[in-house]
Amino acid sequence: MIQKTFNPLDYGFSWTEDWYDWDSETAKKTALQERNKEVKRLKGEGYTVKPFTMSGQLCSRGGIGSGHPHVEFVVSVYGLNAY
C-alpha cells in the first residue's frame, strides 16, 4: 500500500529575516494539484487510488531550537491511499 500526503505548508513556505513568507491560497491550490497529478499517475500504473482530504489540521513551523518563532497554521492536508 502507498500512502502520501500533500501539505500546503510544503509549497512555498519560507522564512524571512524575522518572520515568514507564504501565500496560503497558492500553496493550497498547488498541493491539491500535486495530489491529483499523483492520483492520475498511480491510476495509470494500475493502482486503485482513494484520494482524501484532512480538513482543519494544526501544523506548525519554527519553535525551540530552530532559530525562528513558533507559528501555527490550520490547513487542509490532501492525501491518497493506493493499493
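The structure under discussion appears in the preceding block.
Predicted model only: the values in this text are computed from it and were never measured.

**What about the sheet that holds strand 5 (residues 68-82)?**
Then step 1. Pairing is antiparallel in the open sheet, where 3 strands are placed in the order 1-5-4. Both edges of this open sheet fall to strand 1 (2-6) and strand 4 (49-63), since each of them pairs with a single strand only. The sheet shows a mean angle of 25 degrees between the axes of neighbouring strands, direction not considered.
Then step 2. Across 12 bridges, strand 4 lies against strand 5 in antiparallel orientation. Bridge pairing in strand 5 places Met54 opposite Val77.
Then step 3. Against the sheet, helix 1 (residues 24-44) contacts strand 1, strand 4 and strand 5, and its axis sits at roughly 25 degrees relative to strand 5.

**A short note on the side chain of Asn7**
Then step 1. Relative to the elements of secondary structure, Asn7 occurs in the loop between strand 1 and strand 2 (14-15).
Then step 2. Excluding residues within four positions of it along the chain, Asn7 makes contact with Ala31, Cys59, Arg61, Val75 and Val77.

**A closer look at the nonpolar core**
Then step 1. The biggest cluster of nonpolar side chains holds 9 residues, and these are Leu9, Phe13, Trp22, Ala27, Cys59, Val71, Phe73, Val75 and Val77.
Then step 2. The element best represented in this core is strand 5, accounting for 4 residues.
Then step 3. Setting aside residues up to four positions removed in sequence, Phe73 forms contacts with Leu9, Phe13, Tyr20, Trp22, Gln57, Leu58 and Cys59.

**Side note on the pattern of salt bridges**
Then step 1. Scanning the entire structure with this criterion turns up 6 salt bridges.
Then step 2. A salt bridge links Glu45 to Arg41; the shortest N-O distance between them is 2.5 Å.
Then step 3. We classify Glu45 as partly exposed; its relative accessible area is 49%.
Then step 4. Assessed through its relative accessible area of 39%, Arg41 is described here as partly exposed.
Then step 5. Several salt bridges share partner residues, and in doing so they unite Lys4, Glu38, Arg41 and Glu45 into one network.

Quick notes on the rules
Residue numbers here run from 1 along each chain, matching the order of that chain's written sequence. Local features in this predicted model are restricted to residues whose pLDDT is 70 or higher, and side-chain atom pairs enter the listing and the counts only when it is 80 or higher, whereas totals over whole chains, interfaces and linings include all residues. Excluding hydrogens and water, the side-chain values take into account all heavy atoms of the structure. Two strands qualify as a pair provided that DSSP identifies no fewer than 2 bridges between them. Strands are runs of DSSP state E lasting at least two residues, helices are runs of H or I lasting at least four, and both sets are numbered from the N terminus onward. Whenever a helix is involved, its axis is fitted only over the stretch in contact; in every case the axis is a line through C-alpha atoms, and angles between N-to-C directions fall within 0 to 180 degrees. Any two residues whose heavy atoms approach within 4.5 Å at even a single point are treated as in contact. Definition used in this section: a nonpolar core is a set of buried Ala, Val, Leu, Ile, Met, Phe, Trp, Tyr and Cys residues joined via side-chain atoms within 4.5 Å. The cut-offs for exposure are 20% and 50% of the maximum accessible area for each residue type, with area from a 1.4 Å probe on protein chains only; residues under the lower value are buried, those over the upper are exposed, and the others partly exposed. What counts as a salt bridge is simple: a side-chain nitrogen of Lys or Arg found within 4 Å of a carboxyl oxygen of Asp or Glu.

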